[in-house]
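Spelled out from the first residue to the last, the chains are:
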Amino acid sequence: MLYGPLMVLAYLDEARTEVMDTNTYDPTALLTAHGRNCLERSAASVLWLLPQGAMARWACVRACPPLCSCTQERSCSVLCDRASLADLPKEFPCEASAINLEKNRLKFLSERAFGTLPSLKSLSLDHNNISFITPGAFKGLANLVDLSMAHNEYISYLHTRTFTGLKKLVRLDLSDCNLFNIPDRIFIEQTALKELLCFQNNFRRIPGAIRGMENLTHIYLEANKIEAVAYNSLLGLSSLKYLNLQENRINVIHDQAFQDLVQLENFYLNDNLLSDLPGLAFKGLIRLKMLNLGGNQLTNVSNTWFSDLVELEVLYLDRNQLVYIEEGTFENLTSLITLHLNSNNLTSLPFPVFQPIYFLGHLFLFKNPWTCDCSIVWLKDWMENYKLVRDIPCASPSSVAGLDLSLVVFAKVNGTCVDPSEVNLTTVSSDVISTTENRFNSLISKLLHKELMEEMGNGTESLRNGSLLVSEEGQLSAGLQGPWAHSHRPLLYAPAVWLLFALLSPSNVHDFLFCT
């Protein structure tokens, strides 16, 4: 019996398509129409006996637009995406809570384009060809919460009254359009707006329309052409938790530009043109947990920048041109877990700079021209003890260039660290001199050994090069052959051996001459 009223209503829907001819009097038709009206009233009264879900399903499907599909699960959803629509359907189910019109060919939205849809919560117009939106186009959608118009490349202008009537709007997506600016008073009615997505447009400044929007929590403005953050650009955004300004052209940030962002937790300023920051740039951002300054042109890090960031957990300073970090820079970062310093021009990281964050969880230092001398022995010890960082290739001194810091051995003389370059050049240590002499003596023995000389005569290019110089002076033929060549070839190396000993000490030269 529950399906009886549905059959009746289906019959009524068919009857609506029949139109009475007012110029012809047909009592039978009038009786039929009268009977249908009575039947409609009876069926409407019977509908109250239906389960609410069944009634909603009937209402949703009954008014579904052509080329669209309508489903009723938790609520009525109208799916018109990828339908090649050039114009909006003439009507939508009154019960619709979500309408998807993505990836069509819509070009124009007229006033009250969607009629009155009191249940509509979500409307998506992404990936269309919309070029103009008439003021008041969304009137009649009083309960709309989520409006998405992203990826409409022909939208370059919005009227001040574009969003009139959308007083409950919480999320607005205008990403990847062609907007150069939006009117300052365009959001005058959208006091409930929390999430604004405007990335990948052509803004040259932060839209003034967002000032004073105290309920905004997320702003996406990445991949625009913004050049500066003025002192009043972000005024009144006391609830903002997420701000993305990456991949712009920002080269100037004014003093106190972020002073009202007291709830900010995630801040992206990476991949801009910043070469410096105000001394107290992030003052008051006590809730900040992630700050990304990577991919800029910073050369120094001031010890005043991060002084208030007591809850900061992740800091990106990678892909800059850093050569110096002031002592005390990380002193107040007591919550820091991850620090990115990779891809800079750092040659040293003094322990007093690092000491306040000694118990860091992750440290990234690769792609820097590190000078592996005694000033960073502490870093090598830290690497070995905590196993939290690796890949720190040495650029200098030359004796360890190319080696990872973890492989460098730092010698000690009288308990004092000796830089690797000094270990190779100094003559202070008798042990070093002894080792060098041993190496030369071994080399000379091999050079004077007859069998080794035969092998070197056959296969060593350096011997051929050495003989060539002598032949040019007429002292030796270019093609020595026979026993004489083998027996006298060691004499060719006597001057070279003498020079090697001369580098050691005069006494060694005297001994060598006496022996020969």
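Reference entry: report on the structure contained in this document. Everything numeric here is computed off the predicted structure, so don't read it as measured data.

## Thoughts on the side chain of Asn224
Among the structural elements, Asn224 can be located in the loop between strand 10 (218–220) and strand 11 (228–229). A relative accessible area of 5% places Asn224 in the buried class. Only 3.0 Å separates the side chain of Asn224 from the backbone nitrogen of Asn201, close enough to count as a polar contact. A polar side-chain atom of Asn224 sits 3.0 Å from the main-chain carbonyl oxygen of Leu221. Once residues within four sequence positions are removed from consideration, Asn224 is found in contact with Cys198, Phe199, Gln200, Asn201, Asn202, Phe203, Glu247 and Asn248.

## Considering the nonpolar core
Counting residues in each nonpolar core, the largest one holds 112 residues, and the members touching the most others are Phe114, Leu123, Phe138, Phe163, Phe258, Phe282 and Phe306. Breaking this core down by element, the ones donating at least two residues are strand 2 (76–79), strand 3 (96–100), helix 4 (351–354) and helix 5 (377–386). With 4 residues, helix 5 is the largest single contributor of residues to this core. Excluding its chain neighbours within four sequence positions, the residues that come into contact with Phe163 are Phe138, Leu147, Met149, Leu158, Leu172, Leu174, Ile186, Phe187, Glu189 and Gln190.

## A look at the state of the cysteines
One pass over the structure, following the stated rule, counts 5 disulfides. Linked covalently through their sulfurs, Cys60 and Cys76 form a disulfide whose S-S length is 2.1 Å. Taking the sign of the S-S torsion, 70° for the link of Cys60 and Cys76, the bridge is right-handed. Of this pair, Cys60 sits in helix 3 (residues 52–62) while Cys76 sits in strand 2, and the two are 16 residues apart along the sequence. Each of the two residues, Cys60 as well as Cys76, counts as buried. The disulfide bridge from Cys64 ends at Cys70, spanning 2.1 Å between sulfur atoms. Note on the Cys64 and Cys70 pair: the S-S dihedral is about 90°, so by sign convention the disulfide is right-handed. Its relative accessible area of 14% is what places Cys70 among the buried residues.

## Some details on the packing of aromatic side chains
Evaluated as defined, the whole model comprises 22 aromatic pairs. Seen in terms of ring centroids, Tyr358 and Tyr386 are 5.6 Å apart; in terms of plane orientation they differ by 85°. Their pairing is edge-to-face. Of this pair, Tyr358 sits in the loop between helix 4 and strand 20 (362–364) while Tyr386 sits in helix 5; the two residues are 28 residues apart in sequence, bridging distant segments of the chain. When its relative accessible area of 32% is taken as the criterion, Tyr386 is described as partly exposed. Taken together, the ring pairs connect Phe351, Phe354, Tyr358, Phe359, Trp378, Trp382 and Tyr386 into an aromatic cluster.

Conventions adopted
Residues numbered from 1 in each chain as written. Predicted model: local features only at pLDDT ≥ 70, side-chain atom pairs only at ≥ 80, totals over all residues. Heavy atoms only, no water. Helix = DSSP H or I, 4+ residues; strand = E, 2+ residues; numbered from the N terminus. Buried < 20%, exposed > 50% of the residue type's maximum accessible area, 1.4 Å probe, protein only. Polar contact = N/O pair within 3.5 Å; in protein donor to acceptor, adjacent residues only side chain to side chain. Contact = heavy atoms within 4.5 Å. Core = buried A, V, L, I, M, F, W, Y, C linked by side-chain atoms within 4.5 Å. Disulfide = S-S within 2.5 Å. Phe/Tyr/Trp six-rings, centres within 6.5 Å; stacked < 30°, edge-to-face > 60°.

Note that all results are geometric; they support no functional claim without further evidence.
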